[in-house]
Amino acid sequence: MENSVRVLLIEDEEKMRELIKIAFRKENFILIEAVDGRQGLNLFKTNEADIVILDIMLPEIDGWTVCREIRRTSNIPIILLTARGEEFDKLFGFELGADDYLVKPFSPKELTARVKALLRRSEVKSSEAVTNLEFGDIVIDKLSREVTVNKQRINLTNKEYELLHFLASNPKIVFTREQLILKVWGYEQYSDPRTVDTHIKKLRDKLGDCSSYISTIWGVGYKFEVPK
Ligand code: CA
């Protein structure tokens, strides 16, 4: 955690945001603030955050939906915030992919401690993740960004690599073209979803014998198959 931790805080109560801001300033965390669910999702897509703190009761888009949307494309740690007396189903929260939750009012120290604990956990996960991705005859070297098929190196463009890497990092999950556009091309450069089709086609050509690892789910999108 040498670099400053970037926290995306999605919370409509100004007082709560102020409290968290003061606590995080002491820790030198960088705070990205959103005041409703829609802004939260937009800021999530356009900013690299390390962790998300997400209030459940939010204007525009509620916290449950925000949590589900984030989980469609990301494993970022998420802490849910809920007010005492608010109907809160923690099992539902964990099912949606939240990592932890806090009931308001909580002490800023408690929140800081939870953030640090989750970041430690995800650091361990991500240092484990800096190895090759291997599926059958495809090896993706995440450090050098080299891809080999049957031990032969193939040349991919940047976007082809990003697309393959994203799909292979989330095997067996179907992604729509729109989700892939968001993930690989980014929200800002929204382009025609058919761009995904042309890139998938080129990628399959280059994967040769392994082209079937990327399967088309008609009417939905694409997924990476784990070869038997
Ligand atoms: Ca709220």
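The shown structure was predicted, so the numbers you read here are calculated from the model rather than taken from an experiment.

Participant: Which parts of the structure should I look at to understand the pairing of strand 12 (residues 221-224)?
Facilitator: Remark: a regular strand shows side chains that alternate across the two faces of the sheet. In this sheet, strand 12 lies alongside strand 10 (residues 175-176) in antiparallel orientation, the contact comprising two bridges. Bridge pairing links Thr-176 to Gly-221 in strand 12. Bridging between strand 11 (residues 214-217) and strand 12 involves four bridges; their strand directions are antiparallel. If you follow Thr-216 over to strand 12, its bridge partner there is Tyr-222.

Participant: Explain the coordination of the calcium ion to me, please; I cannot follow it from the model alone.
Facilitator: Reference geometry at the metal: tetrahedral coordination by four donors gives ideal angles of 109.5 degrees; octahedral coordination by six donors gives 90 or 180 degrees. For the calcium ion, every protein donor is listed as Asp-12 (OD), Asp-55 (OD) and Met-57 (O), and the spread of their distances is 2.1 to 2.4 Å. Each donor residue of the calcium ion lies on the same chain, and together they follow the pattern D-x42-D-x1-M. You can see Asp-12 sitting in the loop between strand 1 (6-10) and helix 1 (14-27) and its partner Asp-55 sitting in strand 3 (residues 51-55), a full 43 residues away along the chain. Under the relative-accessibility criterion, Asp-12 is labelled partly exposed at 32%.

Participant: Explanation requested: the domain arrangement of the protein chain in the structure shown.
Facilitator: Accessible area lost upon the coming together of the parts serves often as the stated size of an interface. Domain boundaries assigned for the protein chain yield domain 1 (6-122) and domain 2 (133-224). Computed over C-alpha atoms only, the centres of domain 1 and domain 2 are separated by 30 Å. Counting residues at the interface gives five residues for domain 1 and seven residues for domain 2. Summing both partners gives a buried area of about 610 Å² for domain 1 against domain 2, and 56% of it is carried by carbon and sulfur. Its largest share of buried area at the contact with domain 2, domain 1 owes to Lys-45, Arg-72 and Thr-73, together 70% of the area lost on that side. Where domain 1 meets domain 2, there are zero salt bridges. For the interface between domain 1 and domain 2, the tally reads one residue pair in polar contact (both at pLDDT 80 or more). Contributions of two or more residues to the side of domain 1 that touches domain 2 are made by helix 2 (37-46) and helix 3 (63-73).

Participant: Is there a simple way to think about the sheet that holds strand 12 in this case?
Facilitator: Neighbouring strands of a sheet are bound in pairs by backbone hydrogen bonds; such pairs are parallel or else antiparallel. Pairing in this open sheet of three strands is antiparallel, and the strands run 10-12-11 from one edge to the other. Two strands lie at the open edges of the sheet, namely strand 10 and strand 11, each paired on one side alone. Contacts from helix 8 (residues 194-207) reach strand 11 and strand 12 within the one sheet, and its direction differs from that of strand 11 by about 145°.

Participant: How should the pattern of salt bridges be read in this particular structure?
Facilitator: When the charged atoms of two side chains lie near each other, side chains of opposite charge can form a pair. Under the criterion given, the structure shown has 18 salt bridges. The partner of Arg-71 in a salt bridge is Asp-99, and the shortest N-O contact between them spans 3.0 Å. Remark: Asp-99 occurs in the loop between helix 4 (90-95) and strand 5 (100-104) and Arg-71 occurs in helix 3; sequence separation between them is 28 residues. Among the residues examined, Arg-71 registers a relative accessible area of 21% and is labelled partly exposed.

Reading guide: rules and limits
Residues numbered from 1 in each chain as written. Predicted model: local features only at pLDDT ≥ 70, side-chain atom pairs only at ≥ 80, totals over all residues. Heavy atoms only, no water. Pairing = 2+ DSSP bridges. Helix = DSSP H or I, 4+ residues; strand = E, 2+ residues; numbered from the N terminus. Donors = N, O, S within 2.8 Å, 3.2 Å for Na, K, Ca; no water. Buried < 20%, exposed > 50% of the residue type's maximum accessible area, 1.4 Å probe, protein only. Domains from an automatic or database assignment. Contact = heavy atoms within 4.5 Å. Buried area = accessible area lost by both parts, 1.4 Å probe. Salt bridge = Lys/Arg side-chain N within 4 Å of Asp/Glu carboxyl O. Polar contact = N/O pair within 3.5 Å; in protein donor to acceptor, adjacent residues only side chain to side chain. Axes fitted to C-alpha atoms, helices over the stretch in contact; angles between N-to-C directions.

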